[in-house]
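Here's the letter readout for the chains.
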Amino acid sequence: MPSLPYGPDDDTAAEIYVREALRRSQRGNWSALLADDRVLQTYRVLRLIESGAVQKHVHHHDAIKCAEIDRDAGLISAARYAEMYREFADWRKRAVLFDSVLRQYLDMATERVRVIRGDAVVESLRHVLLTLAMAVEEHQEAHAGEESLADTALWARLRLLPWPTAAGAEQHVLANAVAAERARRGSARRMSDDVIQFEGSPVFGETVDVADLLLEVTDHARPACSRTELVELWKQRTPDLLDSGASEDMHCLREALLFLESLDMIARVSDESSTEVVVTDRARLAELRRRWDEKHFGLDDLNH
């Protein structure tokens, strides 16, 4: 097995090497990178790269949201916003490809670290804690707008609990793990061809992901969302559909909304200037998501 061109304590050189390996995998010596004597260093570096990628995602999404606000306020022109959105979409395409490659090798490194360390207790704790956190977040969303101050304080405290990681890895809080798991579930729903039966009708994962988005952006006090806003949020949520083209992306959203409307879970209200999507049965919307996720993301499927 060829040796690596840096020492086991030189994480700076390791990061440069691993980044190049992620961009051009044929140049990376992944057998050596994932070998027992180097996998802990590789894992540390991959986590560092992942953290940087998350920060870039936040920066780019915040920037385009600010640009949208500036456009609506008349601070920038519609043409300038369109140019910025094209730049954002180009970045997002590249980011999706990079993230998929990073996730592949990070999963491999994580599994090797678990085998070497024998972290059965830590992994069991992560599994139980993430299961609890996902259940609490889904409950919070289902009852958003009607929760008590005690509920809000409890969830805020839960989100800040430390997320157990392998020794030497960057420490995170539980909220990071929940966000990563939700992103994983969203992508898996959209890629799945499987269905569940709900009230006598077959439901695809893409429809469930639209239900999840509606639960996220509305609550009992504000059950409506403008269709324009929903379209923008769906575009930001589905970079994995960009390569299929905008028309197919919007077709998925339109078909899902029509289906949910046919089940009387949502309604569309229009006037001369805009259309709003109103959640009319939040409990059934949450139940639809719960049933699909329970089938596809059971207790044995929390892999983080």
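Heads up: the structure comes first, above all this text.
Figured I'd write up the structure that's included with this text.

**Remarks on the pairing of strand β7 (residues 275-279)**
Next, step 1: Where strand β5 (residues 224-226) and β7 come together, 3 bridges link them in antiparallel fashion. Within β7, the position partnered with cysteine 225 by the bridge is valine 277.
Next, step 2: Pairing of strand β6 (residues 266-270) with β7 involves 5 bridges; the strand directions are antiparallel. By the bridge assignment for β7, isoleucine 266 is matched with valine 279.

**Examining the sheet that holds β5**
Next, step 1: On the basis of which strands lie adjacent, the open sheet formed by 3 strands has the order β5-β7-β6 and antiparallel pairing. In this open sheet, the two edge strands, each paired with only one partner strand, are β5 and β6. Across the sheet, the mean angle from the axis of one strand to that of its neighbour is 25°, orientation sign disregarded.
Next, step 2: Helix α9 (residues 227-237) contacts β5 and β7 of the sheet and is inclined by roughly 75° relative to β5.

**Brief notes about the environment of aspartate 151**
Next, step 1: Position of aspartate 151 relative to the elements: it lies in helix α6 (residues 149-159).
Next, step 2: Taking the C-alpha atoms as reference points, aspartate 151 and glutamine 140, 11 residues apart in sequence, are found 8.3 Å from one another.

**Focus: helix α7 (residues 174-191)**
Next, step 1: Taking 1.5 Å per residue, 18 residues should reach 26 Å; α7 reaches 26 Å between its end C-alpha atoms and fits that length.
Next, step 2: Of all the positions in α7, only Leu174, Ala175, Ala177, Val178, Glu181, Arg182, Arg185, Gly186, Arg189 and Arg190 are classed as buried.

**Regarding the packing of aromatic side chains**
Next, step 1: Considering all chains together, one arrives at 5 aromatic pairs under this definition.
Next, step 2: Consider the rings of tryptophan 30 and tyrosine 105, whose centres lie 3.8 Å apart with planes at 10°: the pair is stacked. Here tyrosine 105 lies in helix α4 (residues 78-117) and tryptophan 30 lies in helix α2 (residues 30-33), a separation of 75 residues in the sequence.
Next, step 3: Here tryptophan 30 falls in the buried class, since its relative accessible area comes to 9%.
Next, step 4: Taking the relative accessible area as the measure of exposure, tyrosine 105 reaches 10% and is therefore buried.
Next, step 5: Ring centres 5.7 Å apart and planes at 55° place the aromatic pair tyrosine 85 and phenylalanine 88 in the tilted group. On the criterion of helical spacing, the pair formed by tyrosine 85 and phenylalanine 88 is a turn pair, its members being 3 residues apart in helix α4.
Next, step 6: Note on tyrosine 85: relative accessible area 13%, which makes it buried.
Next, step 7: A relative accessible area of 4% places phenylalanine 88 in the buried class.

**Observations concerning the nonpolar core**
Next, step 1: Ranked by internal contacts, the top residues of the largest apolar core, which has 30 residues, are Leu214, Leu260 and Leu288.
Next, step 2: Residue assignment for this core shows that the elements contributing at least two residues are β3 (195-198), α8 (205-217), α9, α10 (246-262), β7 and α11 (282-296).
Next, step 3: Sort the elements by how many residues they give to this core and α8 lands first, with 7 residues.
Next, step 4: Among residues more than four places away in sequence, those in contact with leucine 260 are Thr207, Val210, Ala211, Leu214, Met265, Ile266, Leu285 and Leu288.
Next, step 5: Residues Ala32, Leu33, Tyr43 and Ile49 belong to the second largest nonpolar core, which totals 22 residues.

**Digging into the packing of α8 against α11**
Next, step 1: Running from amino to carboxyl end, α8 crosses α11 at an angle of 135°, the nearest separation of the two axes being 9 Å. Taken as axis vectors, α8 and α11 run oblique relative to one another. Crossing of α8 against α11: the hand is left-handed. On the side of α8, the interface is formed by Gly205, Val208, Ala211, Asp212, Leu214 and Leu215, while α11 contributes Arg282, Leu285, Ala286, Leu288, Arg289 and Trp292.

Criteria and thresholds
Residues numbered from 1 in each chain as written. Predicted model: local features only at pLDDT ≥ 70, side-chain atom pairs only at ≥ 80, totals over all residues. Heavy atoms only, no water. Pairing = 2+ DSSP bridges. Helix = DSSP H or I, 4+ residues; strand = E, 2+ residues; numbered from the N terminus. Axes fitted to C-alpha atoms, helices over the stretch in contact; angles between N-to-C directions. Contact = heavy atoms within 4.5 Å. Expected span 1.5 Å × (residues − 1). Buried < 20%, exposed > 50% of the residue type's maximum accessible area, 1.4 Å probe, protein only. Phe/Tyr/Trp six-rings, centres within 6.5 Å; stacked < 30°, edge-to-face > 60°. Core = buried A, V, L, I, M, F, W, Y, C linked by side-chain atoms within 4.5 Å. Parallel < 35°, antiparallel > 145°, perpendicular 65-115°, else oblique. Left-handed = near helix turned anticlockwise from the far one by under 90°.

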